[in-house]
Amino acid sequence: VQLQASGGGLVQAGDSLTLSCTASGLTFSNYAMGWFRQAPGRERAFVAAIRRSLSNTYYADSVKGRFTISRENAKNTVLLQMNSLKPEDTGVYYCAAARGLIVSSIPSLSQYDYWGRGTQVTVSS
């Protein structure tokens, strides 16, 4: 199984950026997908998740209203549209896949079976 994240970069505060994660080696439609980020010196933290059903999405409070997660099952791809970026959004963004996802534990890293290598997002002030 491989999860390849891309789309990171250096942007200014207020800008937008879209991250993409393409999966291979698994039946994509059978997996919930999540995005996490890790800022320097901090633990990896939940950002957003989307269940197999496209209508079920979840967000960290810090990104609600600014980020949108979506998926394209035909392309084995999950996207993270990030608007109104802030310096505190800086970090390495990882995508992850979960075969089974308990709603109450969605932010928990242990729920996810596979992880990508991450893409760097840097937001300057």
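All values derive from a computational prediction rather than experimental measurement. (Residues numbered from 1 in each chain as written. Predicted model: local features only at pLDDT ≥ 70, side-chain atom pairs only at ≥ 80, totals over all residues. Heavy atoms only, no water.)

A. A look at the overall build of the protein chain. Helices and strands together make up the secondary structure of the protein chain, namely 0 helices and 11 strands. Going from N to C terminus, the protein chain has its helices and strands arranged as β-β-β-β-β-β-β-β-β-β-β. Its C-alpha atoms put the protein chain at 40 × 30 × 25 Å along the principal axes. The buried share of the protein chain, reckoned over its 125 residues, is 42%. Sequence separation of 24 or more characterises 58% of the internal contacts of the protein chain that already satisfy a separation of 6 or more. For the protein chain, the exposed area adds up to about 6,300 Å²; of that, 45% sits on carbon and sulfur atoms. Here the protein chain contributes 12 positively and 7 negatively charged side chains, and the mean placements of these two sets differ by 7 Å. (Helix = DSSP H or I, 4+ residues; strand = E, 2+ residues; numbered from the N terminus. Buried < 20%, exposed > 50% of the residue type's maximum accessible area, 1.4 Å probe, protein only. Contact = heavy atoms within 4.5 Å. Areas by Shrake-Rupley, 256 points an atom, 1.4 Å probe, with all protein chains shown as cover. Lys, Arg positive; Asp, Glu negative; His and termini not counted. Charge placed at Lys NZ, Arg CZ, Asp CG, Glu CD.)

B. Unusual backbone geometry, seen in detail. Phi at Asn76 is positive, roughly 55 degrees, even though this residue is not glycine. Mapped onto the elements of the fold, Asn76 is located in the loop between strand E7 (67-72) and strand E8 (77-82). Phi is positive for Ser84, which is not a glycine, with a value near 50 degrees. Position of Ser84 relative to the elements: it lies in the loop between E8 and strand E9 (91-98).

C. View of the packing of aromatic side chains. Going through the model one piece at a time under the given rule, you end up with 5 aromatic pairs. Note that Arg71 overlies the ring of Phe28, its terminal NZ or CZ placed 4.5 Å from the centroid. The ring of Tyr31 is capped by Arg99, whose NZ or CZ atom sits 5.9 Å from the centre of that ring. (Phe/Tyr/Trp six-rings, centres within 6.5 Å; stacked < 30°, edge-to-face > 60°. Lys NZ or Arg CZ within 6 Å of the ring centre and 35° of its normal.)

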